[in-house]
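Breakdown of the fold
In case you want the letters, here they are:
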Amino acid sequence: MSAPAVVLRDISCTFPPSSRGSQPYTAVRDVSLTIADGEFVSVVGPTGCGKSTLLNVTAGLLTPSTGTVDIFGEKLSGLNRRAGYMFQAEALMPWRTAIQNVMAGLEMRGVEPVESRNRATEWLGRVGLRGRGDAYLHQLSGGMRKRVALAQILILEPQILLMDEPFGALDVQTRQLMENELLALWSANRKSVIFITHDLEEAISMSDRVVVMSAGPASRPIGEFSIDLPRPRDVAEIRLTPEFLKIHAAIWETMRDEVLKGYQQHERA
Amino acid sequence: MSARDTLPPLWRLNVYRLLLFVASMLSWHVLTQTKILPPFFFGEPLRVFGQIWKWFSSGSIYPHLAITLLETMLAFFGGTLLGLIAGLWLGLKPTASALLSPYLKALNSMPRLILAPIFAVWFGLGLWSKVALGISIVFFLVFFNVYHGVREVNPVVLANARMLGASKRQLLRMVYVPSAMTWVFASLHNAVGMAFVGAVIGEYLGSVKGIGYLILEAEGIFDINAVLGGVITLTMFAYGLDMIVTWAERRLLRWQPN
Ligand SMILES: Nc1ncnc2c1ncn2[C@@H]1O[C@H](COP(=O)(O)OP(=O)(O)OP(=O)(O)O)[C@@H](O)[C@H]1O
Ligand SMILES: [Mg+2]
């Protein structure tokens, strides 16, 4: 038995008050979560509950107020060098072309320019951007930029993939295409994935396990569901199976109240 | 539809520009010939351009022009380079910048031209006192812009580059510098003019060479045409340098929309 890829133990994150007089804000409290080596785990939860916060902690970008993170059995301090992180917001370098963005990580590792260009070209093809390598980012659509970001991370072959709503901006067809593509890449070379999404159907169709978070503040997981659907899956077809619908109903039961709570909190704020 | 679509084509625009120039020169000529504007104070265009022509055809202006351009270039590149280094460095060091910021702001709000006599004492009446004056103006212009540029770096882009494995130096080269470039170029257009100001004011205040000296000399004998000739010559070269900056900006900021 190899060590789990990620172990979050009793993680709490409290942010200092934004202005004088306001209270410090505890986004997540006592979150414990284990991701096995090669496991695909989705995290769903109402907006503002702290999903991105947990991902930042796992990436080593944010030091939790309490709790520890273990990566393959080693305590994490500083940046998580084994993880590739696809951010929720645009994170590409706008002064670089698409291919230069994909090459960036290899360049930082001192890989020969010719070789990294070849590999980047190959990856651009894999995400469906053959021939668009020399475009600057503002010349690409939002969905294309997401795919550049995906290639930028996958080219480094990280053992852990942290993905924060990677396909949120895409139309349904492209989205399902990308989901299948990601699943194919993932099953070819099983990485551990933490996949954050608002879309419960996306979560179920892709994952081995779905974790449901409660509404903030002091959010924590309130349900974990194993998804025992057969693989390989087609994300569009699997949604029509009775097993899928049963799981969907069960998870939605847990989520509904939290989503409502989340909305009410936002309206009050 | 943008405003650009409604503009006349470039060739027509250039014709209009030429016409505008000819018209203003013509009215200058007519107004001074008819003595509505006294030529003693306002000069006469034909004589002004005659003076410029004489300077360039006889070659008597070249040593002056050479020295002024050299001072300007040294001030421009020296000030830009120093401003770039200091801006990057201080932008990345919150403690140092917090410590120094009131002093930097005070130095920046000081009218730098009053330093000219001090530089003259320190560096003599030759080239370097003018260069120092120019640098003292250009430096702050570039420095504050780079400093802002560094602080305004998109934190997500920065975090992403760190996650991709960038070292400190790579972050500087791949993220901070390109991100600050937009701000740098915004300041360089002003810096060109300011570098000339430093050189020419320095020459006014004491020198034996340079366009500033030439203008001062002409002023001493009330030769307004030569004064204006010097001013126009300077303007043309400043404009040329600005076009070089624009060209570099287009090349280096090609990644930006528009
Ligand atoms: N740096 C910060 N300072 C203060 N509060 C923060 C900070 N980062 C996040 N928060 C707060 O923590 C909570 C969780 O934020 P987070 O970005 O993790 O939410 P999320 O679950 O990713 O939401 P969404 O699904 O909308 O992306 C929010 O209420 C947010 O306001
Ligand atoms: Mg988020």
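1. A look at the overall build of chain A
Along the backbone of chain A there are 8 helices and 10 strands. In terms of overall size, chain A behaves like a compact globule, its C-alpha atoms giving a radius of gyration of 19 Å where 269 residues would be expected to give roughly 18 Å. Evaluated residue by residue, chain A yields a buried proportion of 53% over its 269 residues. In chain A, of all internal contacts separated by at least 6 residues, the share reaching a separation of at least 24 is 69%. Summed over its atoms, the accessible surface of chain A is roughly 12500 Å², and 51% of this surface lies on carbon and sulfur atoms. Each charge class in chain A can be summarised by its mean position, and for the 29 positive and 31 negative side chains these summaries are 4 Å apart.

2. Overview of the domain arrangement of chain B
Residue and element names in this part refer to chain B. For chain B, the assigned domains are domain 1 (1-42) and domain 2 (48-252). Here the C-alpha centre of domain 2 lies 30 Å away from the C-alpha centre of domain 1. Across the contact, 6 residues belong to domain 1 and 5 residues belong to domain 2. For the interface between domain 1 and domain 2, the tally reads 0 salt bridges.

3. Digging into the coordination of the magnesium ion (ligand 2)
Residues and elements named next belong to chain A. The protein atoms that coordinate the magnesium ion (ligand 2) are S52 (OG) and Q88 (OE1), at distances of 1.9 to 2.2 Å. Highlighted residues: S52 in helix α1 (residues 51-59) and Q88 in the loop between β6 (83-86) and α2 (98-108), separated in sequence by 36 residues. With relative accessibility at 22%, the residue S52 sits in the partly exposed group.

4. Quick notes on the environment of V192(B)
Residue and element names in this part refer to chain B. Along the polypeptide, V192 turns up in helix α9 (residues 168-205). Given the relative accessible area of 2%, V192 is considered buried. Expressed as a C-alpha distance, the spacing of V192 and V138, which sit 54 residues apart in the sequence, is 8.1 Å.

5. Quick word on the site of ligand 1
Residue and element names in this part refer to chain A. Residues in contact with ligand 1 amount to 13 residues; listed here are only the nearest, T47, K51, S52, T53 and Q88. Here an oxygen atom of ligand 1 and a backbone polar atom of G50 are 2.9 Å apart. For ligand 1, the accessible surface in isolation is 640 Å², of which the surrounding protein chains cover 62%. Elements with a minimum of two residues in the shell around ligand 1: β2 (25-35) and α1.

6. Section: the sheet that holds strand β8 (residues 192-196) of chain A
All names here are of chain A. Read from one edge of the open sheet, 6 strands run β6-β7-β8-β3-β9-β10, paired in mixed fashion. The open sheet has two edge strands, β6 and β10 (221-226), and neither has a second partner. Strand after strand, the sheet turns through a mean of 15° between neighbouring axes, direction not considered. Note: strand β7 (residues 160-164) against β8, 5 bridges, orientation parallel.

7. What about the packing of aromatic side chains?
Across all of its chains, the model carries 17 aromatic pairs over all chains by this definition. Between F143(B) and F144(B) the ring centres are 5.1 Å apart and the planes differ by 75°, which places this aromatic pair in the edge-to-face class. Aromatic ring contacts, followed pair by pair, group F139(B), F140(B), F143(B), F144(B) and Y147(B) into a single cluster. Of note, R126(A) hangs over the ring of W123(A), and the distance from its end group to the ring centre comes to 4.4 Å.

8. Things to note about a positive patch on the surface
Positive charge collects at one region of the surface, where R81(A), R109(A), K93(B), R162(B) and K168(B) lie side by side. Mapping K93(B) onto the fold places it in the loop between α4 (62-91) and α5 (94-109). Judged by relative accessible area, which is 39%, K93(B) ranks as partly exposed.

9. Remarks on the domain arrangement of chain A
All names here are of chain A. Each assigned domain of chain A is listed with its residue range as follows: domain 1 (6-82 + 158-268) and domain 2 (91-156). Using only C-alpha atoms to locate each centre, domain 1 and domain 2 end up separated by 26 Å. Counting from both sides, the interface comprises 10 residues of domain 1 and, opposite them, 9 residues of domain 2. Buried area between domain 1 and domain 2, summed over both chains or domains, comes out near 910 Å², and the portion from carbon and sulfur atoms is 79%. Interface area lost by domain 1 to domain 2 is led by P158, M178 and L185, which between them contribute 42%. Our count for the contact surface shared by domain 1 and domain 2 stands at 0 salt bridges. Remark: the boundary between domain 1 and domain 2 carries 0 residue pairs in polar contact (both at pLDDT 80 or more). Among the elements of the structure, β7 and α5 (172-188) are those that each provide at least two residues to the side of domain 1 that touches domain 2. With 4 residues, α5 is the largest single contributor of residues to the side of domain 1 that touches domain 2. Counted by class, the side of domain 1 that touches domain 2 contains 7 nonpolar, 1 polar and 2 charged residues.

10. Points about the sheet that holds strand β5 (residues 74-75) of chain A
Residue and element names in this part refer to chain A. Strand order in the open sheet made by the 4 strands is β2-β1-β4-β5, with antiparallel pairing throughout. Edge strands, defined here as strands with exactly one partner in the open sheet, are β2 and β5. The sheet contact formed by strand β4 (residues 66-71) and β5 spans 2 bridges and is antiparallel. Across the sheet, the residue bridging to I71 is E74, located in β5.

11. Regarding the interface of chain B and chain A
When the parts of a complex come together, some accessible area is lost, and that lost area is often taken as the interface size. Counting residues at the interface gives 21 residues for chain B and 25 residues for chain A. Of all residues in chain B, M163(B), L164(B) and W255(B) give up the largest surface area on contact with chain A, accounting jointly for 37% of the area buried on that side. With a shortest N-O distance of 3.9 Å, E107(A) and R173(B) are connected by a salt bridge. Counting across the interface, chain B meets chain A through 7 residue pairs in polar contact (both at pLDDT 80 or more). For the side of chain B that touches chain A, the secondary-structure elements that each account for two or more residues are α8 (155-164) and α9 of chain B. A per-element tally of the side of chain B that touches chain A places α8(B) first, with 8 residues. Among the residues making up the side of chain B that touches chain A, the classes are represented as 12 nonpolar, 6 polar and 3 charged.

The rules we used
Residues numbered from 1 in each chain as written. Chains lettered and ligands numbered in written order. Predicted model: local features only at pLDDT ≥ 70, side-chain atom pairs only at ≥ 80, totals over all residues. Heavy atoms only, no water. Helix = DSSP H or I, 4+ residues; strand = E, 2+ residues; numbered from the N terminus. Rg over C-alpha atoms; globule rule 2.2 N^0.38 Å. Buried < 20%, exposed > 50% of the residue type's maximum accessible area, 1.4 Å probe, protein only. Contact = heavy atoms within 4.5 Å. Areas by Shrake-Rupley, 256 points an atom, 1.4 Å probe, with all protein chains shown as cover. Lys, Arg positive; Asp, Glu negative; His and termini not counted. Charge placed at Lys NZ, Arg CZ, Asp CG, Glu CD. Domains from an automatic or database assignment. Salt bridge = Lys/Arg side-chain N within 4 Å of Asp/Glu carboxyl O. Donors = N, O, S within 2.8 Å, 3.2 Å for Na, K, Ca; no water. Near = heavy atom within 4 Å. Polar contact = N/O pair within 3.5 Å; in protein donor to acceptor, adjacent residues only side chain to side chain. Pairing = 2+ DSSP bridges. Axes fitted to C-alpha atoms, helices over the stretch in contact; angles between N-to-C directions. Phe/Tyr/Trp six-rings, centres within 6.5 Å; stacked < 30°, edge-to-face > 60°. Lys NZ or Arg CZ within 6 Å of the ring centre and 35° of its normal. Patch = residues over 30% accessible without salt bridge, like charges linked within 9 Å, V, L, I, M, F, W, Y side chains within 5 Å. Buried area = accessible area lost by both parts, 1.4 Å probe. Nonpolar A, V, L, I, M, F, W, Y, C, P; charged D, E, K, R; others polar.

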